[in-house]
Amino acid sequence: MGWASWDTGKLDFADGRYVVAIRYSAAPNADGFGARASDLHEHPLLDSLALGAASAPDKVLVVSEESSMTYGEAHLLTRALIRFLSSEIGLAHSDTIIVYLANRLEVPSIVVAADALGLRVVMRPPYALGECIADNAILAPSLIFVADVDARAVLETNGISIPIVTLEESDDSNLSLHSILEAFADEKGALPGFAPSEVVLFSSGSTGLPKGIVNPMSSFLHNALELASALGINAGDVLYAPVPVFHVYGFVSMTVALLHGATWAILERYSTDRSLELIEKERPTVFFCVPTMLIREMKRDETVPHRIDSLRVCMVAGDGCPRSALEKYERRYGCSVVLSYGMTETAATLTVENPSASSELRHSSVGHVISGVELTIDSATGEILVRTPSLMSSLINYETGEERAINRTDWFMTGDIGRIDDCGRLHVLGRMKSVIVRGGLNIFPSQVERVYREHPCIEDCAVAGYPDAELGECICLIAVCPKGGGVSLEELREWAKDKLERGMLPEKLVVLDELPCLSNGKRDVERLRAIARDN
């Protein structure tokens, strides 16, 4: 059976199920894990993985800098994990596991196994091990996955006594994926009946404390199908996602690859040079990135050239990106760059632009809503409001330890300011919390940033407010300037005086080598405010 003989269908949210139709021409497996017409609506991720293993077992599912895992290998590991978690540990629907992992080859198998059993899977970064006591008290996990024995030792030192599985094999008798694969790979048996699984991701914390966001797996399946449809993704694509899988953008990219039989290319730890080397080596066709990655990689590639000619689409999500950078990237690499808008609370994508649209449209807005999403603008505040089947189901407050259910039929207040143009495309103007109030004038940082990004001496910039006794707040321009491209505050104010209102001109200039970012590549807004205040 060829990959072209199957595809994914549409959704049905009846009683929490997500219907995914897969067409195939080969006989399904007979060991309880094959793609059978009777259970396609119950385990779409597992069925897609099984279909890949049956039709093209040597096809690469996930590839990193140094190694890879095929569909056949991933399916074998997933089967072993399902047997281990259910029969050995006794996990069942609604039990919780925590995954303290970065982008690793084994993550898809762990997620698919958890989904098949209807578990709640919490994605946490490895550096969050220091918060394991709070995680254990609030999330009440039954099992934890970590990278190695050192990470396991951190948990044990903090009194965590539940089963801990390491990815790397150890010399002692403790659990590892290798030991699980040896013990359970050959076991047979029927899967449990349908039980909806949940995914817990944490917000980036770009404007405050991170919070645990609970979403049904069906939300990610919905968005993965719609995103793939918008970008024309199929089994022949290699999807490169250097963003961490414990962030929503990385997680949904993995889900897209799994559902569509594509290859998922990852970096465990991002750096500009490593990213360019992986693109050159693995030749991805779709690049999921944030503006910081796009700008830094293009700059580095100018001094240390790489062969980058495989990209078909580059999707940029997150903070605003200079239009000049988008245009330059397209000219240099011959691909379509599209902008997207979404958030952790909605399982990522809400809007995306069509890659075949003109560059004028692709670079001036974040596109149209995907299927199932309703979007409007609050006439009083300008806030973007959305209603979507992929809205989070609950919110975990780490300060109180409480989990609050969310009414998924209500309009959700995004906290972003925007407008919808005459063609129905969304334009995001900025965060409500980031608004600078200077002498009674409300100023969105993006309004000022958009102008100064076009200055010939500025490579990238951010704007933040700082306290002022007379005006309430004043404006600080934080700029990244190319070597030898120094410019004074007075020159910058003079240059922009005909492009901005007088009250929007910066009163302070700070020049940095690069803008501070969070682990997902987004700007660290709190750090930017501190820089504006303290310099």
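Residues numbered from 1 in each chain as written. Predicted model: local features only at pLDDT ≥ 70, side-chain atom pairs only at ≥ 80, totals over all residues. Heavy atoms only, no water.

**Brief notes about the overall build of the chain**
Applied cut-off: Under the scheme used here, helices are H or I runs from DSSP no shorter than 4 residues and strands are E runs no shorter than 2 residues, and both carry numbers assigned from the N terminus. Accessibility here uses a 1.4 Å probe with only protein chains present; expressed as a share of the type maximum, an area under 20% marks a residue as buried, one over 50% as exposed, and anything in between as partly exposed. The criterion used for residue contact is that any of the two residues' heavy atoms lie within 4.5 Å.
Within the chain, the secondary structure is distributed over 15 helices and 26 strands. Within the span of the chain, comprising 535 residues, buried residues form 57% of the whole. Contacts in the chain between residues at least 24 apart in sequence constitute 66% of all its contacts with a sequence separation of at least 6.

**Comments concerning the pattern of salt bridges**
For clarity, the cut-off: The term salt bridge refers to a pairing of a side-chain nitrogen on Lys or Arg with a carboxyl oxygen on Asp or Glu at a separation within 4 Å.
Applying the stated criterion across every chain, the model contains 31 salt bridges. A salt bridge links glutamate 514 to arginine 296; its shortest N-O distance comes to 3.8 Å. Of the two residues, glutamate 514 is situated in the loop between strand E26 (508-512) and helix H15 (525-534) and arginine 296 in helix H10 (residues 291-303); the sequence distance between them amounts to 218 residues. Here the residues in one salt-bridge network are Glu449, Arg453, Asp460 and Arg523, joined through shared partners.

**A closer look at the nonpolar core**
Where a protein is soluble and globular, its nonpolar side chains tend to be buried together. Counted only if it meets this: Only buried Ala, Val, Leu, Ile, Met, Phe, Trp, Tyr and Cys residues count toward a nonpolar core, and they belong to the same one when joined by side-chain atoms within 4.5 Å.
Judged by nonpolar contacts, the single largest core of 121 residues is most densely connected at Met123 and Leu294. Among the elements that make up this core, the one with the highest residue count is helix H8 (residues 248-260) (nine residues). Sequence-distant contacts of leucine 294, that is, excluding residues within four places in its chain, are made with Cys289, Cys314, Val316, Cys321, Ala325, Leu326 and Tyr329.

**As for the packing of helix H1 (residues 44-55) against helix H2 (residues 71-88)**
Keep this limit in mind: Only the stretch in contact is used when fitting a helix axis, every axis being a line fitted to C-alpha atoms; angles between N-to-C directions are given from 0 to 180 degrees. Here roughly perpendicular refers to angles of 65 to 115 degrees, roughly parallel to angles under 35, roughly antiparallel to angles over 145, and oblique to all remaining angles. Note on convention: near helix rotated counterclockwise from far helix by under a right angle means a left-handed crossing. Clockwise means right-handed. Ten residue types, Ala, Val, Leu, Ile, Met, Phe, Trp, Tyr, Cys and Pro, are classed as nonpolar, four, Asp, Glu, Lys and Arg, as charged, and the remainder, Gly among them, as polar.
Between H1 and H2, the shortest axis-to-axis distance is 8 Å and the interhelical angle comes to 135 degrees. Here H1 is positioned oblique relative to H2, judged by the angle of their axes. Between H1 and H2 lies a crossing of left-handed hand. Contact with H1, carried on its side by Leu46, Leu49, Ala50, Gly52 and Ala53, involves Tyr71, Gly72, Ala74, His75, Thr78 and Ile82 of H2 and no other residues of that element. Of the residues contributing to the contact of H1 with H2, the split by class is seven nonpolar, four polar and no charged.

**Overview of H8**
We count it as follows: Helix span, as expected, comes to 1.5 Å for every residue beyond the first.
The terminal C-alpha atoms of H8, which comprises 13 residues, lie 18 Å apart, in line with the 18 Å expected from a rise of 1.5 Å per residue. With 13 of its 13 residues buried, H8 lies for the most part within the structure.

**Details of the packing of aromatic side chains**
Stated precisely, the cut-off is as follows: Think of it this way: a Phe, Tyr or Trp ring, Trp meaning its six-membered ring, pairs with another when their centres are within 6.5 Å, and the plane angle makes it stacked under 30 degrees, edge-to-face over 60, tilted otherwise. Think of it as a cone above the ring: NZ of Lys or CZ of Arg counts as a charge over the ring if it is within 6 Å of the ring centre and within 35 degrees of the ring normal.
Using the criterion set out here, one finds eight aromatic pairs in the structure. Centre to centre, the rings of tyrosine 452 and tryptophan 495 are 5.9 Å apart; their planes meet at 35 degrees, and the pair counts as tilted. Highlighted residues: tyrosine 452 in helix H13 (residues 445-452) and tryptophan 495 in helix H14 (residues 489-496), separated in sequence by 43 residues. The class for tyrosine 452 is buried, based on a relative accessible area of 0%. The lysine or arginine in question, lysine 499, covers the ring of tryptophan 495, its NZ or CZ lying 4.2 Å from the ring centre. Positioned above the aromatic ring of tyrosine 466, the side-chain terminus of lysine 508 is 4.0 Å from the ring centre.

**As for the sheet that holds strand E21 (residues 426-431)**
Stated formally: When DSSP finds at least two bridges between two strands, those strands are taken to pair.
Spatial strand order, E16-E17-E20-E21: four strands in an open sheet with antiparallel pairing. Bordering the open sheet on either side are strand E16 (374-377) and E21, each of which pairs with just one other strand. In this sheet, adjacent strand axes meet at a mean angle of 50 degrees when their direction is disregarded. With four bridges joining them, E16 and strand E17 (residues 383-387) adopt antiparallel strand pairing. Bridging across to E17, leucine 375 finds its partner in valine 386.

**Brief notes about unusual backbone geometry**
Of note, the phi angle at serine 94 is positive, near 80 degrees, even though the residue is not glycine. Within the secondary structure layout, serine 94 lies in the loop between H2 and strand E3 (96-100). Positive phi is not limited to glycine here, since arginine 283 has a value of about 55 degrees. Residue class for arginine 283 comes out partly exposed when judged on its relative accessible area of 31%.

**Some words on the sheet that holds strand E25 (residues 472-480)**
Strands belonging to one sheet form pairs held by backbone hydrogen bonds; the direction of such a pair is parallel or antiparallel. Judged by pairing direction, the sheet is mixed, and its three strands sit side by side in the order E24-E25-E26 without closing on themselves. Strand pairing shows two members of the sheet lacking a second neighbour, strand E24 (460-468) and E26, which therefore form its edges. Put simply, the sheet's adjacent strands are angled 25 degrees from each other on average, direction ignored. Of the strands in this sheet, E24 and E25 touch H13, which is tilted by about 140 degrees from E24.

**With respect to the environment of arginine 120**
The cut-off we apply is this: The term polar contact refers here to a pair of N or O atoms within 3.5 Å; inside protein, the definition further demands a hydrogen-donor-capable atom paired with an acceptor-capable atom, and it admits residues adjacent in sequence only when both atoms are side-chain atoms.
Structurally, the position occupied by arginine 120 is in strand E4 (residues 120-124). Separated by 97 residues in sequence, arginine 120 and methionine 217 place their C-alpha atoms 9.3 Å apart. For arginine 120, the contacting residues outside a window of four places in its chain are Asp95, Thr96, Ile97, Glu198, Val200, Val214, Ser394, Ile396 and Glu403. Within the local environment of arginine 120, its side chain forms a polar contact with the side chain of glutamate 198, the two groups lying 2.9 Å apart.

**Let's talk about the pairing of E25**
For E25, the tally of buried residues reaches seven of nine residues, placing the bulk of the element in the interior. Of the pairings in the sheet, the one linking E24 to E25 comprises nine bridges and is antiparallel in character. Directly across from tyrosine 466, in E25, lies its bridge partner cysteine 474. The pairing of E25 with E26 spans five bridges and is classified as parallel. Bridging from a neighbouring strand, valine 480 pairs with leucine 512 of E26.

**With respect to the side chain of threonine 255**
Mapped onto the fold, threonine 255 is located in helix H8. Those residues in contact with threonine 255 that lie beyond four places of it in its chain are Leu45, Phe220, Leu221 and Ala224.

**With respect to the confidence of the model for the chain**
Selection criterion: Confidence scores labelled pLDDT are given residue by residue by the predictor and lie between 0 and 100.
When pLDDT is averaged along the chain, the result is 87, and 89% of the positions lie at 70 or above. Within the model, pLDDT remains below 50 along residues 1-41, and this stretch shows 101 contacts once partners closer than five positions in the same chain are excluded.

**Topic: the environment of histidine 178**
By the element assignment, histidine 178 lies in helix H6 (residues 177-184). Residue classification places histidine 178 among the partly exposed residues on the basis of a relative accessible area of 34%. Separated by 12 residues in the primary sequence, histidine 178 and threonine 166 place their C-alpha atoms 8.9 Å from one another.

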